[in-house]
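# Topology and contacts: notes
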Amino acid sequence: MTHILHRSANAVYPVAFSGSGLEIVDAEGRRYLDASGGAAVSSLGHGHPEVIAALHRQLDALAYAHTTFFTSEPAERLADRLVENAPPGIDHVYLVSGGSEAVEAALKMARQYFVETGEPQRRAIVARRQSYHGNTLGALATGGNARRRAQFEPLLIETHHIDPCYAYRLQCEGESDAAYAQRAAQALEDKLIEIGPESVIALVAETVVGATLGAVPPVGDYFKRIRAICDRHGVLLILDEVMCGMGRTGTLHACEQEGVTPDLMTIAKGLGGGYQPIGAVMLTKRIFEAFANGSGAFQHGHTYMGHPMAAAAALAVQEVIERDDLIANVVAMGDLLQRRLAERFANNPFVGDIRGRGLFRALELVEDRASKRPFDPALKMHAHVKREAMARGLVVYPMGGTIDGVQGDHVLLAPPFIVNPEQVETIVERLGEAVDAALVRQ
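Below is a short write-up of the structure. (Residues numbered from 1 in each chain as written. Predicted model: local features only at pLDDT ≥ 70, side-chain atom pairs only at ≥ 80, totals over all residues. Heavy atoms only, no water.)

## Observations concerning the packing of aromatic side chains
- Inspection of the entire model under this criterion finds 6 aromatic pairs.
- Consider the rings of Phe291 and Phe298, whose centres lie 5.6 Å apart with planes at 10°: the pair is stacked. Per residue, the accessibility class of Phe291 equals that of Phe298, and both read buried.
- The ring of Tyr132 has Arg148 sitting right over it, with the charged end atom 4.5 Å from the ring centre.
- Here the basic side chain of Lys372 rests over the ring of Tyr168, its NZ or CZ set 4.5 Å away from the ring centre. (Phe/Tyr/Trp six-rings, centres within 6.5 Å; stacked < 30°, edge-to-face > 60°. Buried < 20%, exposed > 50% of the residue type's maximum accessible area, 1.4 Å probe, protein only. Lys NZ or Arg CZ within 6 Å of the ring centre and 35° of its normal.)

Quick look at the structure:
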């Protein structure tokens, strides 16, 4: 019996006992290859000795100091490093304990920015359907996952949503990437005009859409167009890179590949690699100066923000990634993973799309490949794939709801950056067996 309210109240979970590299070992001695990095978290895998040593050193020196009284050396060093490697214009960092906290803080920063700069009438947030920005109320209200939002709708602030840039489902036959990017971005301008651009605070978007849609990258110059539309109407651009950032897609920040700098950017997950809970908001100089030259304070805060242990872990993770050139391995192994997935599922009539960037890849499962018709959601195909994968010692991150929050299934892969070719082959082999077994049972 457990006294924990688990994610699934009636499930019986294996007990994770130890971890090393890509493997997690449960209390019964069963070994699992972590092909999803948890939820795209474990950038260095498990049990990395240098990160553990950094945590020991920090624990010996100082575990905690509240940020109303002190800053700390690891927090300052981490912020310096993040700004040094940030997209042009990013100037400050706000350290929190995870992705949802980061998104909440970014929303409040965006609102306060306009209060400080004399536009307090701005209150509206625009985001995209089938996005996920966290489970706290502001983040949930911003996200576009209908299923997650449904029972909490009465508690959520009003937000506005446009279609994502989702080529597999929404790009028309014969439509070029350039034409589709223009059409998808135009949806933002149309929405701004509909609700009145002078009332809008920000657009919030995942640079590469994460688990809710399944590793969906933008097409063409979509984000350059989005950036121009935001600038034209004085709207801030908030990019959510909690899942897709910090090297996961083959550059430190996913927006580097789009050639844009957001006004605010949220990061977490791979920032600390799972060794400590940590997230951050990265903000441009003009956002910081609005606070510094206005009221003098950002009206927000958490008990554990800037936590020295969390900052020490994140700093060690980022130092190892840079020293060992692991983002280059993300690119190489990501290309290999994409190629092997394409080969393994080339003739599978139930795999509609294989997509992503770097070590952030997904399969979209369909009942009919030609028409892209999804499986009946009642079948919960994603859950069957998860079960079959776990039975084969493979951890993947399946999800339902790739069209409207109800229908559609996909399987997300996000292995640690240290993955090697032999492990890629094992991931593809076991995933192929799991998908085949799940489909046979249906």
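So, next bit.
## With respect to the pairing of strand 4 (residues 90-96)
- Summarising burial for strand 4: 5 of the 7 residues are buried, a large majority.
- Note that strand 4 and strand 10 (residues 279-284) share 6 bridges and pair antiparallel. If you follow Val96 over to strand 10, its bridge partner there is Gly279. (Helix = DSSP H or I, 4+ residues; strand = E, 2+ residues; numbered from the N terminus. Pairing = 2+ DSSP bridges.)

## Focus on the pattern of salt bridges
- All told, the structure shown has 28 salt bridges when counted by the stated rule.
- Its salt-bridge partner being Glu319, residue Arg77 comes within 3.3 Å of it at the nearest N-O pair. A residue pair is termed long-range when its members are at least 10 positions apart, and Arg77 in helix 3 (residues 73-84) and Glu319 in helix 11 (residues 308-323) qualify at 242 residues.
- We classify Arg77 as partly exposed; its relative accessible area is 40%.
- Glu388 is the partner of Arg387 in a salt bridge, and the nearest nitrogen-oxygen pair spans 3.6 Å.
- Judged by its relative accessible area of 5%, Glu388 falls in the buried class. (Salt bridge = Lys/Arg side-chain N within 4 Å of Asp/Glu carboxyl O.)

## Describing the layout of surface pockets
- Put simply, the second largest pocket is a space of about 720 Å³.
- Lining the second largest pocket are 31 residues, and of these His92, Val93, Tyr94, Leu95 and Met305 lie nearest its centre.
- Contributing elements (two or more residues each) for the lining of the second largest pocket: helix 3, strand 4 and helix 10 (285-292).
- Per-class residue counts for the lining of the second largest pocket are 17 nonpolar, 11 polar and 3 charged. (1 Å grid on protein atoms, 1.4 Å probe; cavity = no way out; pocket = protein on both sides within 12 Å on 5 of 7 lines; lining within 4 Å. Points joined across faces, edges and corners; volume = space filled by probe spheres on them. Nonpolar A, V, L, I, M, F, W, Y, C, P; charged D, E, K, R; others polar.)

## Overview of the nonpolar core
- Residues Leu188, Ile226, Leu271, Leu341 and Leu431 are the most contacted members of the largest nonpolar core, which totals 94 residues.
- Per element, the largest residue contribution to this core is 9 residues, and it comes from helix 11.
- Other than its neighbours up to four places away in sequence, Leu271 contacts Leu78, Leu82, Met246, Ile278, Gly279, Ala280, Ala314, Val317 and Gln318. (Core = buried A, V, L, I, M, F, W, Y, C linked by side-chain atoms within 4.5 Å. Contact = heavy atoms within 4.5 Å.)

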